[in-house]
Amino acid sequence: MGSGFLAGNDKKLIAKFLKISEEQLEKSHLEKVDMNGVEAWRPKFKKPFGPCTFYKEEVHCIIHPVKPELCRLANCKHDATQEFYKKYYQKEQKELWKIAEEIGGK
Ligand code: SF4
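Keep in mind the model is a prediction, meaning the values are calculated, not measured.

> I keep staring at the environment of asparagine 9 and nothing clicks. Help me out?
Of note, asparagine 9 is situated in the segment before α1 (10–18). Along the primary structure asparagine 9 and proline 68 are separated by 59 residues, whereas in three dimensions their C-alpha atoms are 9.1 Å apart.

What follows is the structure, encoded as structure tokens:
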């Protein structure tokens, strides 16, 4: 599983949808990551390699109307970006992914 990076007004829209401040959203649901020197935000994971903080089994995405732009290009059950990175750029991560899959993180 994965989560999509936020872009444009995503943070503002998600905070408004959840009726919380952007600061609360960052603290409770988001993590800051470095994308090749560019600061980016994405939803946290409930556990390493697990589901996104906004994923609920019964309804899937609880922020569906305002989900991050990248989420509109893929879905929360399959993150094509991670597959891409796993295949081409994260050789050292392959063992980690293998372990995560074995312990049921995916
Ligand atoms: S679609 Fe929703 S639940 Fe799925 S990764 Fe994106 S924000 Fe999370």
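Back to the text.
> Where do I start with unusual backbone geometry in this structure?
The general pattern is negative phi for most residues beyond glycine and trans for most peptide bonds. Residue lysine 19 is not a glycine yet carries a positive backbone phi of 60 degrees. Counting through the fold element by element, lysine 19 comes out in the loop between α1 and α2 (22–29). The residue histidine 60 is not glycine, and still its phi comes out positive at about 65 degrees. Relative to the elements of secondary structure, histidine 60 occurs in strand β4 (residues 60–61).

> Help me out: how do you make sense of the environment of glutamate 22 in this one?
Positionally, glutamate 22 belongs in helix α2. Overall, the presence of 13 C-beta atoms within 10 Å leaves glutamate 22 in the partly exposed class. Residues glutamate 22 and lysine 11, spaced 11 residues apart in sequence, show a C-alpha to C-alpha distance of 6.6 Å. Aside from chain neighbours lying at most four places away, what touches glutamate 22 is Lys11, Lys12 and Ala15.

Definitions and limits used
Residues numbered from 1 in each chain as written. Predicted model: local features only at pLDDT ≥ 70, side-chain atom pairs only at ≥ 80, totals over all residues. Helix = DSSP H or I, 4+ residues; strand = E, 2+ residues; numbered from the N terminus. Buried ≥ 20, exposed ≤ 12 C-beta atoms within 10 Å, placed from the backbone. Contact = placed C-beta atoms within 7 Å.

Read these as geometric descriptors, not functional statements.
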